[in-house]
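Spelled out, the chains give:
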Amino acid sequence: MYFGNAWYPEHWPEERWPEDVRLMRDLGMNVCRIAEFAWSTMEPIEGHYRLDWLERAVDLLHRNGIAVVLGTPTAAPPAWLTHRYPETLTILPNGRPMQHGNRCHGSPNSPVFVKYSRLIVEQMARRFGKDERVIGWQIDNEYGHADYSEEARRQFHAFLKERYGSLEALNEAWATAYWSQSYDNWEEIPLPIGPHNPGLMLDFRRFVTHTWRRFQKVQVDTIRAYARPEQWITSNYMGWYEDFDHYLLAEDLDMVSWDWYIGTGHHDYLTTGALHDLTRGLKRRNFWVMETQPGSVNWASVNNVLYRGEARVMAFHAVAHGADALLYWQWRAAPGGQEQLHGCLIGADGKPRPFYEEAKEIGADFAKVSDVLRNTEVRNEVAILHSYDARWAVNFQRHHRDFDPVNYLYQWYRPLASRQIGADVLRPEAELAGYRVVIAPALMVLSEEVVQNLVTYVARGGLLVLTPRCGQRDIHNRLYPYLQPGPLREIAGVEVEEYYALDEEVPVKVALGDVLEGQGRIWAERLRPLSDRTEILGHYGVSNGWLDGRPALTWHPHESGGGVLYVGAWLEETLQKALTDWLVSRAHLQTSYHDVPEGVEVAKRVAPDNSRTLYFVINHTRRSHTLPMRTPLRPPLTDLISGVRFDESIHLAPYAVHLFEVR
Ligand code: GLA
């Protein structure tokens, strides 16, 4: 387990550094990320590199038992670069260049910017690639924005040529006869500013993905050319951020990390768990929380501080979901610059701020459990499919302003999480063997590969859940020439006769063991069974006339023992819970613990050989709770964090975290 911070030694006189590092050590920190954004300090004049200061910082950290992660500085190009080569600046959709002095204004489409990025990264890699004190690299910082320059447009054309081969194929794919959009010269194709042809918009997102992947790859290859193999390479992503397809960029990294900020308010573990699961799913292995807030941020509408104790439960929540490291951003606020008010560990006076105390507790806790967590992993029986193509397509045409694909994913995730059933969030192309249930929330775009994957999954006995908006489009964002769920109609045993964006709730009656009445909202689909074997598990009540009495929920059993559940409406919470119960009993899903008080999470990490399981019991509330002890937490058990032994029940103080090992 790594515990650390982001430190910017270049902001401070060198005489101060030893005191900072002493304070880090005092917190139990064993990792520090540096150099990110320090381009103008490393290359103050074009071609004149100054890395000695960085070497001294690395050395100081190392001598104090702190491993170093080096960030490449390309998110903050120096003024000499943007001034001398203005073509390196990203062009905004309104045609104006981004301004120097914020961040992320360098364009990944600018060959000049890429060249200078490569040169500075090469200098760093030459100097630190063989360095034992440096354990890994972070490329750039939170990238993803699109450039609307003429250069980007030319590259978009080249990308499309490569993808389609001919304009006939492109015109066909985008259905360009519509509104005279047909192109007979590649140069005619615009970059989409605002709403545009849905096929073009989807390909533009793929182009942005391609652009950043190439930019990332230049840095990966440059570092790899010099780095010892043990040094890993990552980049810090941003959870649900959707400007590029993270699955594709993650392929070129050794490890994925992400920056976890709450902003205004407090964390809700029933949804933040999905963010960690998403990140873990990018490479299907453990990950790092490269940045998280030490109390507060500076960019939200209200930058409140987390409650005392909240950061500690957040830290263990992340670990329970597969994080192997947690770093606070940042160590100490720079005296100037845009982020003076951001939370940090050290005050303007150079002394610990109140949050430091809590960080110290977390550091001590991590040190206690680090060995026992080594090489353990998260394993789940449910997969929730998540695709950037589908999310983009839905977001381009929401049709109902509240049809937010991420919220809809939470709709499935939350009731599972509150029953202590973990889920992996995976791309739909992922290997699905071994999952008892696979849920495809609003998987609107389906490639042939994905169709095949899902058909195979059901044929092998899997239980697949399809939902509103599944299977409407092909990979060009064209409507399939048949009704939803398109190529999955046959295995679903049902098709969607019509879809309705709802301005008012519709009654839905389901028979899932018990008969239950509730409401659908936002979206409802009128279903038509296609097979005698399709069972109707729910109907709409009287509403808009079109839905009255029509099927809302169907189950199509397969001989394999699996089947497809089609859920036609966005259901309110009680019905969604009933549906979750149905899935649990039909697929025999295991919960990690039964009858857990609301707000308490029981999550686990397992040793690869199954010899032991680590149970995290986390009270995410500010109230006390009691958890009766039963299988798998049979008494007596000793909490590995506090050393307290429990013989009958587990008393959970507000924001308590316990870790138990069961062999
Ligand atoms: C992002 C950046 C950091 C910092 C924080 C502030 O995550 O990566 O450099 O700006 O936000 O919350």
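Residues numbered from 1 in each chain as written. Predicted model: local features only at pLDDT ≥ 70, side-chain atom pairs only at ≥ 80, totals over all residues. Heavy atoms only, no water.

Turning next to the site of the ligand. What surrounds the ligand is the set Phe 37, Arg 103, Asn 141, Glu 142, Asn 236, Asp 259, Tyr 261, Glu 291, Trp 299, Trp 329, Glu 339 and His 342. Within the contact set of the ligand, an oxygen atom lies 2.5 Å away from a side-chain nitrogen or oxygen of Glu 142. Note that an oxygen atom of the ligand is positioned 2.6 Å from one of the side-chain N or O atoms of Trp 299. Here the ligand has 310 Å² of accessible area as a free molecule, and 96% of this is covered by the chains. (Near = heavy atom within 4 Å. Polar contact = N/O pair within 3.5 Å; in protein donor to acceptor, adjacent residues only side chain to side chain. Areas by Shrake-Rupley, 256 points an atom, 1.4 Å probe, with all protein chains shown as cover.)

Let's shift gears to the UniProt feature "binding site: substrate" (unreviewed entry) in the protein. Following the UniProt record, one finds the feature "binding site: substrate" (unreviewed entry) at Arg 103, Asn 141 and Trp 299. Assignment of secondary structure puts Arg 103 in the loop between α4 (79-84) and α5 (111-128). For Arg 103, the contacting residues outside a window of four places in its chain are Phe 37, Ala 75, Met 98, Asn 141 and Glu 339. Relative to the helices and strands, Trp 299 resides in the loop between β8 (287-292) and α11 (310-320). (UniProt positions renumbered as here; feature names shortened; annotations may be inferred. Helix = DSSP H or I, 4+ residues; strand = E, 2+ residues; numbered from the N terminus. Contact = heavy atoms within 4.5 Å.)

Time to look at unusual backbone geometry. Residue Pro 485 follows Gln 484 across a cis peptide bond; omega there is -5°. For Pro 485, the position within the fold is in the loop between β13 (463-466) and α16 (489-492). Looking along the chain, the bond that leaves Pro 635 and enters Pro 636 is cis, with omega of -10°. Structurally, Pro 636 is set in the loop between β23 (625-628) and β24 (637-638).

Let's shift gears to the pairing of strand β10 (residues 382-385). Alternating residues of β10 divide into Val 382 and Ile 384 and Ala 383 and Leu 385, and every residue in both groups is buried. For β10 and strand β12 (residues 437-440), the ladder comprises three bridges, and the chain directions are parallel. Within the sheet, the bridge partner assigned to Val 382 lies in β12 and is Val 437. Pairing geometry for β10 and strand β11 (residues 423-426), over four bridges, is parallel. Across the sheet, residue Ile 384 finds its bridge partner in β11, namely Val 425. (Buried < 20%, exposed > 50% of the residue type's maximum accessible area, 1.4 Å probe, protein only. Pairing = 2+ DSSP bridges.)

One can describe the packing of helix α8 (residues 198-224) onto helix α13 (residues 388-396) by two numbers: an axis separation of 10 Å at closest approach and a directional angle of 135°. Taken together, the axes of α8 and α13 lie oblique to each other. When the axes of α8 and α13 are compared, the crossing they make is right-handed. Residues Pro 198, Met 201, Leu 202, Arg 205, Arg 206 and Thr 209 of α8 form the contact with α13, whose participating residues are Asp 389, Trp 392 and Phe 396. Classifying every residue of the contact of α8 with α13 by side-chain character gives five nonpolar, one polar and three charged. (Axes fitted to C-alpha atoms, helices over the stretch in contact; angles between N-to-C directions. Parallel < 35°, antiparallel > 145°, perpendicular 65-115°, else oblique. Left-handed = near helix turned anticlockwise from the far one by under 90°. Nonpolar A, V, L, I, M, F, W, Y, C, P; charged D, E, K, R; others polar.)

Let us look at the pairing of strand β26 (residues 649-652). Two faces, one strand: in a regular strand the side chains alternate between the faces of the sheet. Because side chains alternate across β26, one face comprises the buried residues Ile 650 and Leu 652, and the other comprises Ser 649 and His 651, none of which is buried. Bridge analysis of β23 against β26 gives four bridges, and the strand direction is antiparallel. Across the sheet, residue His 625 finds its bridge partner in β26, namely Leu 652.

Attention now goes to the pattern of salt bridges. Under the definition given, this model contains 51 salt bridges. Two residues, Asp 424 and Arg 280, come together in a salt bridge whose shortest N-O distance is 2.7 Å. Within this pair, whereas Asp 424 is found in strand β11, its partner Arg 280 is found in helix α10 (residues 269-283), the two being separated by 144 residues in sequence. Salt bridges here are not isolated pairs; linked through shared partners, they connect Asp 52, Glu 55, Asp 59, Arg 63, Arg 127, Asp 131 and Arg 133. (Salt bridge = Lys/Arg side-chain N within 4 Å of Asp/Glu carboxyl O.)

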